[in-house]
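So the chains spell out like this:
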Amino acid sequence: MRTTAVLSYGGGVNTTALMVLLVRKKMPFDVAVFADTSGEVPETYHYLDVARAYLNRHCVELKIVRSKNGTLYDTCKRRRVIPSKIWRWSTRDYKITPIHAYYRSLGTHVQEYLGIAYDEIERMKASREPYITSKFPLIDWKLTREDCVKIIKSAHLPVPVKSGCFFCPFMDIPRWHDLYLKHNDLFLKAM
């Protein structure tokens, strides 16, 4: 069976550095896929244009997928809940499910590159799906988040902000403060 090499692109530092390295090292790389929850900060959406331009120069498509359930924010508002740190339903329903639906539509085996850095090795988990082989190049190459920033700069690309929804339960106080200062409308919406 044919294999499609896919970068699961999150729009942040690690996956951007991995995008650069896949191109530089001339590794198999057919498409980058970004799961849009419709809840990212504006900087992440602007950065998609940077990533798309870079990928276009190297003949790689950036595919954007979305949940069939509408936006994550609207679902939270309708259900009167916030995303759960324990159950991770938002990640499952608004990122993993649409990405896997796209993978299945390819009709091939998928070699999925995941941008998990060496200093977060505990996040490494292989796919349970038989049609997906998970690859962790940043871990294989022992590259940390700091290394990823250097790689992005060496490619003459701007360093992206930390990706994630503006109402993510994993945001720390400095990120909430930054949201309050830069995007007060989103801060109030999250509240």
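Further up the page is the structure itself.
Just so it is clear, the structure is predicted and the values come from calculations on it, not from any experiment.

Reading the values: rules and limits
Counting of residues starts from 1 at the beginning of each chain's written sequence and follows it residue by residue. Per-residue local features are limited, in this predicted model, to residues with pLDDT of at least 70; the limit for side-chain atom pairs, both in listing and counting, is 80 or more; totals at the level of whole chains, interfaces and linings are taken over all residues. Only hydrogens and water are set aside when side-chain values are computed; all heavy atoms of the structure are taken into account. Residue burial is assigned from relative accessible area. The probe radius is 1.4 Å, only protein chains are included, and a residue is buried under 20% of its type maximum, exposed over 50%, and partly exposed in between. Helix and strand definitions here come from DSSP, where helices need a minimum of 4 consecutive H or I residues and strands a minimum of 2 consecutive E residues; each element is numbered from the N-terminal end. Whether two strands pair comes down to DSSP finding at least two bridges between them. Crossovers are described as right-handed under a simple rule: with the strands pointing away from the observer, the path leading from the first strand over the helix to the second runs clockwise. To obtain each axis, a line is fitted to C-alpha atoms, and for helices this fit is confined to the stretch in contact; angles are then taken between N-to-C directions over 0 to 180 degrees. If an angle is under 35 degrees, it is roughly parallel; if it is over 145, roughly antiparallel; if it lies from 65 to 115, roughly perpendicular; otherwise it is oblique. For any pair of crossing helices, the crossing counts as left-handed if the nearer helix is rotated counterclockwise from the farther one by less than a right angle, and right-handed if it is rotated clockwise. Contacts are assigned to residue pairs with any non-hydrogen atoms lying within 4.5 Å of each other. Residues were grouped as follows: Ala, Val, Leu, Ile, Met, Phe, Trp, Tyr, Cys and Pro as nonpolar; Asp, Glu, Lys and Arg as charged; and all remaining residues, including Gly, as polar. Candidates for patches are residues over 30% relative accessible area with no salt bridge; among them, like charges are joined within 9 Å and nonpolar side chains (Val, Leu, Ile, Met, Phe, Trp, Tyr) within 5 Å. In these tables, accessible area is a Shrake-Rupley quantity obtained with a 1.4 Å probe, and a residue counts as shielded only by the protein chains included in the view. Any carboxyl oxygen of Asp or Glu that lies within 4 Å of a side-chain nitrogen of Lys or Arg is treated as forming a salt bridge with it. Nitrogen and oxygen atoms within 3.5 Å of one another constitute a polar contact, given that in protein one can donate a hydrogen and the other can accept it, and given that sequence-neighbouring residues count only through two side-chain atoms.

Visitor: Please explain the pairing of strand S2 (residues 31-35) as it appears in this structure.
Guide: Side-chain direction in a regular strand flips from residue to residue, so the side chains alternate between the two faces of the sheet. Taken across its five residues, S2 has five buried, putting it largely inside the fold. Alternating residues of S2 divide into Val-31, Val-33 and Ala-35 and Ala-32 and Phe-34, and every residue in both groups is buried. Pairing of strand S1 (residues 3-8) with S2 involves three bridges; the strand directions are parallel. In the sheet register, Leu-7 faces S2, and the bridge partner there is Ala-32. The β-α-β motif built from S1, the intervening helix H1 (residues 13-24) and the parallel element S2 has right-handed crossover chirality. As paired strands, S2 and strand S3 (residues 61-65) are joined by five bridges and run parallel to one another. Residue pairing in the sheet places Val-33 in a bridge with Lys-63 of S3. A crossover connection joins S2 to the parallel S3 through helix H2 (residues 42-57); in handedness this β-α-β unit is right-handed.

Visitor: Looking at this model, I keep getting lost on the packing of H1 against helix H6 (residues 145-154). Mind explaining?
Guide: Two measures define how a pair of helices packs: the angle their axes make with one another and the distance between the axes. Orientation of H1 relative to H6, taken along the N-to-C sense of each, is 55 degrees, at an axis distance of 8 Å. On the basis of their axis angle, the class for H1 and H6 is oblique. The element H1 and its partner H6 pack so that their crossing is left-handed. Residues Val-13, Asn-14, Thr-16, Ala-17, Val-20, Leu-21 and Arg-24 of H1 form the contact with H6, whose own contacting residues are Arg-145, Cys-148, Val-149, Ile-151, Ile-152 and Ser-154. Looking at the contact of H1 with H6 residue by residue, the class counts come to eight nonpolar, three polar and two charged.

Visitor: Please explain unusual backbone geometry as it appears in this structure.
Guide: Not every positive phi belongs to a glycine, and Lys-142 is a case in point at roughly 55 degrees. Along the chain, Lys-142 falls in the loop between helix H5 (137-140) and H6. Owing to a relative accessible area of 53%, Lys-142 belongs among the exposed residues under this scheme. Positive phi, normally seen in glycine, also occurs at His-156, with a value near 60 degrees. Examined against the element boundaries, His-156 turns out to sit in the loop between H6 and helix H7 (173-182).

Visitor: Please clarify how a nonpolar patch on the surface should be interpreted in this entry.
Guide: A contiguous nonpolar surface patch, about 260 Å² in accessible area, is contributed by Tyr-118, Ile-121 and Met-124. Its place among the elements puts Met-124 in the loop between strand S4 (109-114) and strand S5 (132-135). The class for Met-124 is partly exposed, based on a relative accessible area of 39%.

Visitor: Explain the side chain of Asp-93 to me, please; I cannot follow it from the model alone.
Guide: Along the polypeptide, Asp-93 turns up in helix H4 (residues 89-106). A polar side-chain atom of Asp-93 sits 2.7 Å from a polar atom in the side chain of Arg-92. Excluding its chain neighbours within four sequence positions, the residues that come into contact with Asp-93 are Ser-67 and Pro-98.

Visitor: Sorry if this is basic, but what is going on with the pairing of S4 here?
Guide: Of all six residues in S4, six are buried; the element is thus mostly enclosed. Residues His-109, Gln-111 and Tyr-113 point to one face of S4 and Val-110, Glu-112 and Leu-114 to the other, with burial holding for every one of them. Here S1 pairs with S4 via six bridges, running parallel. Each residue of the ladder has a partner; that of Thr-4, found in S4, is Val-110. Relative to S5, S4 runs parallel, the two sharing four bridges. Bridging from a neighbouring strand, Glu-112 pairs with Ser-134 of S5.

Visitor: Is there a simple way to think about the side chain of His-100 in this case?
Guide: If you trace the backbone, His-100 turns up in helix H4. The class for His-100 is buried, based on a relative accessible area of 14%. Apart from the residues lying within four places of it in its own chain, the contact partners of His-100 are Glu-129, Tyr-131 and Ile-132.

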